[in-house]
Amino acid sequence: MFTLTPQTRYRSMPWKNGRGATAEILVAPSGASLAALDFDYRLSMAPIREDGPFSPFPGFSRILLPIKGAGFVLNGHPYATYEIAHFDGGEPTHCTLLKKEVTDLGLIYKPARIKANARVLTLPFSLTLTLEPAYTYLVVLLNGALEAGGHGLQSGDTLSISGESALALTCQKRATLAFFTLQPNE
């Protein structure tokens, strides 16, 4: 099943620590919420405008990557644009911007239920990926234009894929995407 979420349908909400706002892309299972912390995973995008602490999420793991701007430093480790950070959501995390505002793309997930990974792919041509039907995949188009699973994605759109064995990615020009793999813990 392929589910397209255009960027225009992302839901704006305040950060848990009140220091900014995020665009919630999707949360699973359906009906779960950030306030109740009853989700298996949550994908969101947010501008970071100043240095400061991240909201704590005990019992969760996080994957975060800067997608616009020069990047940031998390607890002393620098991350450039499209470089992926993995960290414990319950640990105190401080962010220092490398220059000005950064937009990040983040996945918060329950490691007791899901193993998650991410990579950034830059496609100079069309290709077909082999998928594991038991996994969920999230594709966020970072720039360019792309057809994925029969859906046209514009920059910022997200495609959720589950129960599929292949994903055809068609691009006329170069496209960059974030590709998340979510594997259920057995």
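Residues numbered from 1 in each chain as written. Predicted model: local features only at pLDDT ≥ 70, side-chain atom pairs only at ≥ 80, totals over all residues. Heavy atoms only, no water.

**Examining the packing of aromatic side chains**
At step 1: A full pass over the atoms with the stated rule returns six aromatic pairs.
At step 2: Each ring, one from Phe 57 and one from Phe 60, has its centre 6.4 Å from the other, and the planes form 80 degrees; the classification is edge-to-face. Considered together, Phe 57 and Phe 60 belong to a single accessibility category, that of buried residues.
At step 3: With 6.2 Å between their ring centres and 40 degrees between their planes, Tyr 135 and Tyr 137 make a pair best called tilted.
At step 4: Overall, Tyr 135 belongs to the partly exposed group, its relative accessible area being 22%. (Phe/Tyr/Trp six-rings, centres within 6.5 Å; stacked < 30°, edge-to-face > 60°. Buried < 20%, exposed > 50% of the residue type's maximum accessible area, 1.4 Å probe, protein only.)

**A few points about the pairing of strand β17 (residues 158-162)**
At step 1: Across the five residues that make up β17, a large majority, four, are buried.
At step 2: Two strands pair when backbone bridges link them, and strand β1 (residues 2-5) and β17 are joined in this way by four bridges, in the antiparallel orientation. Bridging from a neighbouring strand, Leu 4 pairs with Leu 159 of β17.
At step 3: Alignment of strand β14 (residues 136-143) against β17, held across five bridges, turns out to be antiparallel. When the bridges of β17 are listed, Thr 136 appears paired with Ser 162. (Helix = DSSP H or I, 4+ residues; strand = E, 2+ residues; numbered from the N terminus. Pairing = 2+ DSSP bridges.)

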